[in-house]
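# Fold and geometry: a report
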Amino acid sequence: MSESKLKIEGLDKWYGGRKNRVHALSSIDLELADNEFVSLVGASGCGKSTLLSIVAGLQGFDNGVLLTDGAPIVGPGLDRGVVFQSYTLLPWLTAQQNVEFALQAAGLPTAECRDVARHHIELVKLAKFADAFPSLLSGGMKQRVAIARALSYRPKMLLMDEPFGALDALTRHQMQELLTQIWEEHRLTVLFVTHDVEEAVYLSDRIVAMSINPGRINATFHVGLARPRSQDMIASSEFVALQKKVLAAIRAGSQSELEH
Ligand SMILES: Nc1ncnc2c1ncn2[C@@H]1O[C@H](COP(=O)(O)OP(=O)(O)OP(=O)(O)O)[C@@H](O)[C@H]1O
């Protein structure tokens, strides 16, 4: 059997000192297969962002095992592209230059950067705005640049933390469609954090619901909806039934905060 793209076993994360310790993550076990799209959902404070940033290598953890393709994750790497809710673009560079800059920083020869950046700007359907500065781009367009940048160095895994959380409903739907199109055409492993259960069901192969205090995995749901997905599916009885189950798991998980 092939190695999991991501393997997390018995992972714990504490924040704070002796007096104000927070058990942010407790005994997390999670595996992602190659090309799998998995969403993390759960009440605010259940540790979704902490888990994603640990996988990104942006912070450490206390106990457990964290592997990608069987090798330990010890810091950030080009094998993992990260997209945050805030667009994190450099305002003095155009859309195209923002992607080129990331490629140069990743060590790609300058001559190739332009073509690779252009290709990824086209992939996110932003060719007409390649030479626009971020101040002239809408929120959705800025997030397209951030996705192009994260994909440009061809990571094996895409880590997304509420990437569409700041967008209006229509733009959010457009971005979800774009992301499913890119994922269906190019296939890569995605770990996606969201508060929006509809978004999680629409995008994912599997949804992992976390509970709070300490942050734990309390339920996992396989999404059996056919692919390619379309926004029409959102009204289907299968979609709505799954959405309800996931919401119930989130509610049950958020109550553990009151019990402690
Ligand atoms: N840098 C930090 N220092 C101390 N505690 C932290 C830190 N970052 C997060 N925490 C705590 O760890 C727990 C998990 O936080 P985290 O932000 O990962 O949750 P989340 O599920 O992503 O929340 P949200 O949905 O609101 O973004 C919370 O109790 C939070 O207060």
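Rules and cut-offs
- The residue numbers shown here count from 1 along each chain, following its written sequence.
- For this predicted model, a pLDDT threshold of at least 70 governs which residues receive local features, and a threshold of 80 or more governs which side-chain atom pairs are given and counted, while totals over whole chains, interfaces and linings are taken from all residues.
- Working from all heavy atoms in the structure, the side-chain values ignore hydrogens and water.
- Each salt bridge in this description consists of a side-chain nitrogen of Lys or Arg and a carboxyl oxygen of Asp or Glu lying within 4 Å of one another.
- Helix numbers and strand numbers start at the N terminus; a helix is a DSSP run of H or I with at least 4 residues, a strand a run of E with at least 2.
- Exposure categories follow from relative accessible area, calculated using a 1.4 Å probe and restricted to protein chains: below 20% of the type maximum is buried, above 50% is exposed, and the middle band is partly exposed.
- Classification of ring pairs uses Phe, Tyr and Trp, with its six-membered ring standing for Trp, and accepts pairs whose centres are within 6.5 Å; under 30 degrees between planes counts as stacked, over 60 as edge-to-face, and the remaining range as tilted.
- Only a single heavy atom is needed: when it lies within 4 Å of a molecule or strand, its residue is near that molecule or strand.
- In protein, a polar contact requires one atom able to donate a hydrogen and another able to accept it; more generally it is a pair of N or O atoms within 3.5 Å, and residues adjacent in sequence count only if both atoms are side-chain atoms.
- Exposure was quantified through the Shrake-Rupley algorithm and a 1.4 Å probe, taking into account, for residues, occlusion by the shown protein chains and nothing else.
- For this scheme, ten residues count as nonpolar: Ala, Val, Leu, Ile, Met, Phe, Trp, Tyr, Cys and Pro. Four count as charged, namely Asp, Glu, Lys and Arg, and the remainder, Gly too, count as polar.
- A fitted line through C-alpha atoms represents every axis, and for helices the fit uses only the stretch in contact; the resulting angles, taken between N-to-C directions, go from 0 to 180 degrees.
- For this classification, under 35 degrees means roughly parallel, over 145 means roughly antiparallel, 65 to 115 means roughly perpendicular, and everything else is oblique.
- Crossing chirality is assigned from the near helix's rotation relative to the far helix, an anticlockwise turn below a right angle marking it left-handed and a clockwise turn marking it right-handed.
- Contact between two residues is taken to exist if any of their heavy atoms lie within 4.5 Å; hydrogens are not considered.

To continue, consider the pattern of salt bridges. Tallied over the entire structure, the rule returns 12 salt bridges. One salt bridge in this structure joins lysine 5 and aspartate 34, with 3.7 Å as the shortest N-O distance. Of the two residues, lysine 5 sits in the segment before strand E1 (6–15) while aspartate 34 sits in the loop between strand E2 (22–32) and strand E3 (37–42), which places them 29 residues apart along the sequence. Exposure remark for aspartate 34: the relative accessible area of 47% places this residue in the partly exposed category. Glutamate 122 is the salt-bridge partner of arginine 118, the closest N and O atoms lying 3.5 Å from each other. Taken as a pair, arginine 118 and glutamate 122 lie in helix H3 (residues 110–123) at a separation of 4 residues, close to a single helical turn. Residue classification places arginine 118 among the partly exposed residues on the basis of a relative accessible area of 30%. Relative accessible area serves as the criterion here: at 43%, glutamate 122 is assigned to the partly exposed category. Each member of the salt-bridge network shares a partner with another, and the members are Lys5, Asp34, Asp69 and Lys156.

According to the stated counting rule, one finds 3 aromatic pairs in the structure shown. A ring pair is formed by phenylalanine 37 and tryptophan 183, whose centres lie 5.9 Å apart and whose planes are at 80°; its orientation type is edge-to-face. With phenylalanine 37 in strand E3 and tryptophan 183 in helix H5 (residues 169–186), the pair connects residues that are 146 residues apart, well separated along the chain. Judged by its relative accessible area of 2%, tryptophan 183 falls in the buried class. On the numbers, 6.0 Å between centres and 55° between planes, the contact of phenylalanine 164 with phenylalanine 192 is tilted. Residue phenylalanine 164 is found in the loop between strand E7 (157–161) and H5, and its partner phenylalanine 192 is found in strand E8 (residues 189–193); the two are separated by 28 residues along the sequence. Comparing phenylalanine 164 with phenylalanine 192 shows no difference in burial state: the two are buried. Ring-pair connections join several aromatic residues into one group, and the members of that group are Phe37, Phe164, Trp183 and Phe192.

Every residue near the ligand is listed here: Tyr15, Val22, Ala24, Ala43, Ser44, Gly45, Cys46, Gly47, Lys48, Ser49, Thr50 and His195. Between the ligand and lysine 48 there is a distance of 2.8 Å, counted from an oxygen atom to a side-chain nitrogen or oxygen. Considering the ligand on its own, with 630 Å² of exposed area, one finds that the protein chains cover 58% of that surface. Listed by contribution, the elements that provide at least two residues to the shell around the ligand are E2 and helix H1 (48–56). Among the elements that take part in the shell around the ligand, H1 stands out by supplying 3 residues, more than any other. Among the residues forming the shell around the ligand, the class breakdown is 5 nonpolar, 6 polar and 1 charged.

The description of two helices packed together rests on the angle between their axes and the distance between the axes. Between helix H2 (residues 95–105) and H3, the least distance of the axes is 8 Å, while the angle of their chain directions is 130°. Classed by the angle they form, the pair H2 and H3 counts as oblique. In the packing of H2 onto H3, the handedness of the crossing is right-handed. Facing Ala95, Gln96, Val99, Glu100, Leu103 and Gln104 of H2, the residues of H3 in contact are Thr110, Cys113, Arg114, Val116, Ala117, Arg118 and Ile121. Residues that form the contact of H2 with H3 fall into these classes: 7 nonpolar, 3 polar and 3 charged.

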